Each structure stands twice: as C-alpha cells, then as structure tokens.
Amino acid sequence: MVPHLLTALTGPINELEQRILESLPAIERWLRLEWMEHTPPFYTAVDVRNAGFKLAPVDTHLFPNGFNNLTVEMLPLAVQAAMAAIEKICPEAKNLLLIPESNIRNTFYLMNVQRLMQVFHQAGLNVRLGTLDDAVKAPTDIALPDGSSITVEPLVRTRGRLGLKNFDPCTILLNNDLSAGVPKVLDDLHEQYLLPPLHAGWGTRRKTNHFAAYEEVAKKFAKLLGMDPWLINPMFTRCGVVDLSDAASADALMSHADALLGKVRRKYKEYGIGEKPFVIVKADAGRCGFGLLTVRDAKDLADLARLARNKTHLLKDEGDVCELILQEGVPTYERVNDAVAEPVVYMIDRYVVGGFYRVNAGRGNDEALDSPGASYVPLAFAEAHQLPKPGAKPGISAPNRFYMYGVIARLAMVAASYELEATDPNAEVYE
C-alpha cells in the first residue's frame, strides 16, 4: 500500500522534501542537540496534514491510544524505544503499573492497552493494569475481539505510593488524558515515577501553549534549512473563554476568525495557491465537548452562535462556554483507495516507532477524519525499506515522504517538551 497525493500544488512540498533529505545529517544532529537540553515526552502521537503546498502537525497527543493500529513489524522498534525510555528514567525498574481510560467497555481501545502491555513486557517489565473506575472492586477479566483477554484491577494507595494488591511498581504509566480532572489517588506520588506528568493532562494543558511552542521550534528549524516556517507551521489564534450564547463573545470569535483568515489568504497569494482558505474552530483544552468546525467565512460563526442560543449546537455536555482555539486549516490531499487520509506518527521517547493512515471516506479534505467511519491503514516505519532514498525524485518515493512525516512529528515532540517545561508546576524558577 502506497498512498498517493492528489494535488497539482506539489512544488513547495517537493522542494521541502528535497531540502529535508539533503539536510538529513544536520537535521538529526539538530534534534540530538535539542534532546540534550530538553526531555522528550514519554510517548507521543502526532496528526500530520499534507496539503501538497504545506505539511504541518495539527494535533499532538501526549496520552496516545491506537497503538493496536500499528503494524506488528514495528514491535521490535517500539520495544527498543521503550527500553531506552525506561532505562533513562528508572534503570532498575521491575514493575510497571499501566492506568488506562476508565471506559472498559470500549474493547477497541483496550486492544491498544493490550499492545502497550506487550511492548513493555518485552522491554523486560512486569506489567499490570490498574483502573480509576471505582466500580471495579476486584480483578476483572475483559474479553477482547481477538479472543484474548486482559485483567484490570482496583488501585491500592499506601501512603505516598500507588499500586495493586501484592504489586508495588517503580513506574506508573498513564494512558488516560485526565480530561475529567486529576483523581485524588494520583496526587502526591513523590516516591514513584508518574509518566506522563499530571500537568500533561487536559486539566492543565492547552493546545495554544503547544502551538506557540511549535511556532518557536518551526522558526528554528526553518532557519536551519533556509525556508519559510509557514510551510510547516499552522497559524493559530488563542480565543480564550468563549460563550457562544453571548452576542459580544460570539462577535469577538468572528473577529478572530476574520483576522486569521486574512493572514492565511495573504500566504496563499504569496505562494500562488488558488484555493479558498479555511480555519478550524476547536476546544483549546482537549475534550471540553466542542466538535471541530470548519469555517471558510467568519460569518459562518453567526449561524453557530444562533444555534447556541437555541440550544441546538455543537457543545455536548458542558454548555455554551468553552476555551477555544482557531487554527489555520491544512487540507489533506492524501488518498487511500480514493478515501481522504492523513498520517499519524507514533513515538516512544525520542524515537519514531510507527504510524498509520487515518482514512475516512465520509469526510472531505478540509474536515477532521477522527470521527465515526474512520479506518486505519498501518505504516511500518521500522522496516528497512522505509528508510529515505536519496536521489529519488521528490514526491514519488513513499519512504522519503514517510521520513519527512517523521521529521515533522519529531518537531511537534520537541515543541511538546518545551510546553511541558513551561507549564511544570514544580519547575525551578531562576530570578
């Protein structure tokens, strides 16, 4: 399976591909130096959009699920990366407690948990599952679609440590984005390694902080390659708290959208792009209940505000008030079997360990693909033939394109490290 790109606007991206391949030693050295100064997130998944004229990350996940969608061929690389990550944090680690999302009825999500358990087991750890669901009072077996099963157990808190009955872990790995807040059972665990840290959860994290950090990273990287950072950076606007049922608040959102659309139009004109730009309206804090909205004209938001006042709107549970971010829309021109697709790149520590194409035949190239109807086509970055092929014509070689995706995803990971450092409540402040 080699996805193809349906666009004539391939000039800048082909030039970018060529520059990235020619600059490979400089890029890898630059990334290596970044990791000497900054700590990568424990694991990361990045949604990348390839517009032909632009290649950029549009979301960075610090509690990634979907590991079960990666090809089995990537497992050795994932195990190696997990070993490196654990050795760096707790070299003598023996026991790992994995805490997943509380919804144990979602068996497809639990297939992801099973894959994570497999990776860390092969990395040399005893892995068991603890659940934040108070309804689980005893070890509970859950059957999975492939005929296997996993066991979730109630958590046991003993003073400053968290574990299970007869299981005391050195390290606790969260696969739960804490969008519902930080449970008390996770507070003040100073004797164990908690990964990712609590401030990586959506109670603290904001997408605007991440993309501000990414903008900084993109400028540094663009300077290294001698290119326009816009080619890899989606512009955005922080809207703050928006109450769609309030006319003044809705008008402010429309004003922000109009200004951002104007910036994108100027860039399109600079590069001779004949398409109509759009922006994406989404929640700044992960899952506040706001569905992604594609906006090509700021006036479209007037209809949304009217729907909000009528209580027939995109907000699901939390009312009309939400922190919002406006992000430059990056269309995707990737296709798999004529369905719209976007690559998602997975990393453990600082290493790319695989990825997949998220495919959705029911969506357009200007819409979010992570929605009902999505399917997943795995990519095997770990295979030798996925290494870049210098000399291949730009835009033709799939391995070159996959390497380019890996570079962009790692830039987003560098930005995530900046973001976590800036929001760390325990960071030392020097006057």
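Residues numbered from 1 in each chain as written. Predicted model: local features only at pLDDT ≥ 70, side-chain atom pairs only at ≥ 80, totals over all residues. Heavy atoms only, no water.

Draft legend 1. Representation of the overall build of the protein. A count of helices and strands for the protein gives eight helices and 19 strands. Relative to its full complement of 431 residues, the protein shows a buried share of 55%. For the protein, contacts bridging at least 24 residues in sequence account for 71% of all contacts bridging at least 6. (Helix = DSSP H or I, 4+ residues; strand = E, 2+ residues; numbered from the N terminus. Buried < 20%, exposed > 50% of the residue type's maximum accessible area, 1.4 Å probe, protein only. Contact = heavy atoms within 4.5 Å.)

Draft legend 2. Expanded view of helix α2 (residues 24-37). Across its 14 residues, α2 extends 20 Å between first and last C-alpha, which sits within 8% of the 20 Å expected from 1.5 Å per residue. Listed in full, the buried residues belonging to α2 are Ile-27, Trp-30, Leu-31, Glu-34 and Trp-35. Across the axial projection of α2, the buried residues extend over an arc of 135°, all falling on one side. Projecting away from the buried face of α2 at angles above 90 degrees are the exposed residues Pro-25, Arg-29 and Met-36. (Expected span 1.5 Å × (residues − 1). Arc of directions from axis to C-beta.)

Draft legend 3. Just the nonpolar core, in detail. Counting residues in each nonpolar core, the largest one holds 72 residues, and the members touching the most others are Tyr-214, Ile-232 and Leu-411. If one sorts the elements of this core by residue count, helix α8 (residues 398-423) sits on top with 13 residues. With residues near it in sequence (within four places) discarded, Ile-232 still touches Leu-16, Leu-55, Ala-56, Pro-57, Tyr-214, Ala-218, Phe-221, Met-227, Ile-408 and Leu-411. Counting 43 residues, the second-largest nonpolar core is a separate cluster that includes Ala-45, Met-74, Ala-78 and Ile-150. (Core = buried A, V, L, I, M, F, W, Y, C linked by side-chain atoms within 4.5 Å.)

Draft legend 4. Structural context of the pattern of salt bridges. All told, the structure shown has 17 salt bridges when counted by the stated rule. Across the salt bridge formed by Lys-54 and Glu-328, the nearest N and O atoms sit 2.9 Å from each other. Here Lys-54 is found in the loop between β2 (43-50) and β3 (55-61), whereas its partner Glu-328 is found in strand β15 (residues 321-328), with 274 residues between them in sequence. Glu-328 shares its class with Lys-54; the two are buried. Between Arg-296 and Asp-366 there is a salt bridge, and its shortest N-O distance comes to 2.7 Å. One end of the pair, Arg-296, is in the loop between β14 (293-295) and α7 (300-309); the other, Asp-366, is in the loop between β18 (351-360) and β19 (375-379), with 70 residues separating them in the sequence. (Salt bridge = Lys/Arg side-chain N within 4 Å of Asp/Glu carboxyl O.)

Draft legend 5. Focus on the sheet that holds strand β6 (residues 140-143). Across the sheet, six strands lie side by side as β6-β7-β5-β4-β10-β11; this open sheet has mixed pairing. Either end of the sheet is taken by a strand with one partner, and the two such strands are β6 and β11 (193-195). Put simply, the sheet's adjacent strands are angled 30° from each other on average, direction ignored. Here three bridges tie strand β10 (residues 171-175) to β11, and the two strands are oriented parallel to one another. Looking across to β11, one finds that Ile-172 is bridged to Leu-194. (Pairing = 2+ DSSP bridges. Axes fitted to C-alpha atoms, helices over the stretch in contact; angles between N-to-C directions.)

Draft legend 6. Summary view of the packing of aromatic side chains. Inspection of every chain in the model, using the stated rule, returns 14 aromatic pairs. Note on Trp-230 and Tyr-271: the rings are 5.4 Å apart at their centroids and 25° apart in plane angle, and the pair reads as stacked. In this pair, Trp-230 sits in the loop between α5 (207-225) and β12 (236-243) while Tyr-271 sits in the loop between α6 (247-270) and β13 (279-283), placing the two residues 41 residues apart along the sequence. Plain terms: the ring middles of Tyr-346 and Phe-356 are 5.5 Å apart, the flat faces sit at 45° to each other, and that makes the pair tilted. Highlighted residues: Tyr-346 in strand β17 (residues 339-348) and Phe-356 in strand β18, separated in sequence by 10 residues. Taking the relative accessible area as the measure of exposure, Tyr-346 reaches 3% and is therefore buried. Judged by its relative accessible area of 2%, Phe-356 falls in the buried class. One aromatic cluster in this structure is built from Phe-42, Tyr-43, Phe-67, Phe-120, Tyr-346, Phe-356 and Tyr-376. (Phe/Tyr/Trp six-rings, centres within 6.5 Å; stacked < 30°, edge-to-face > 60°.)

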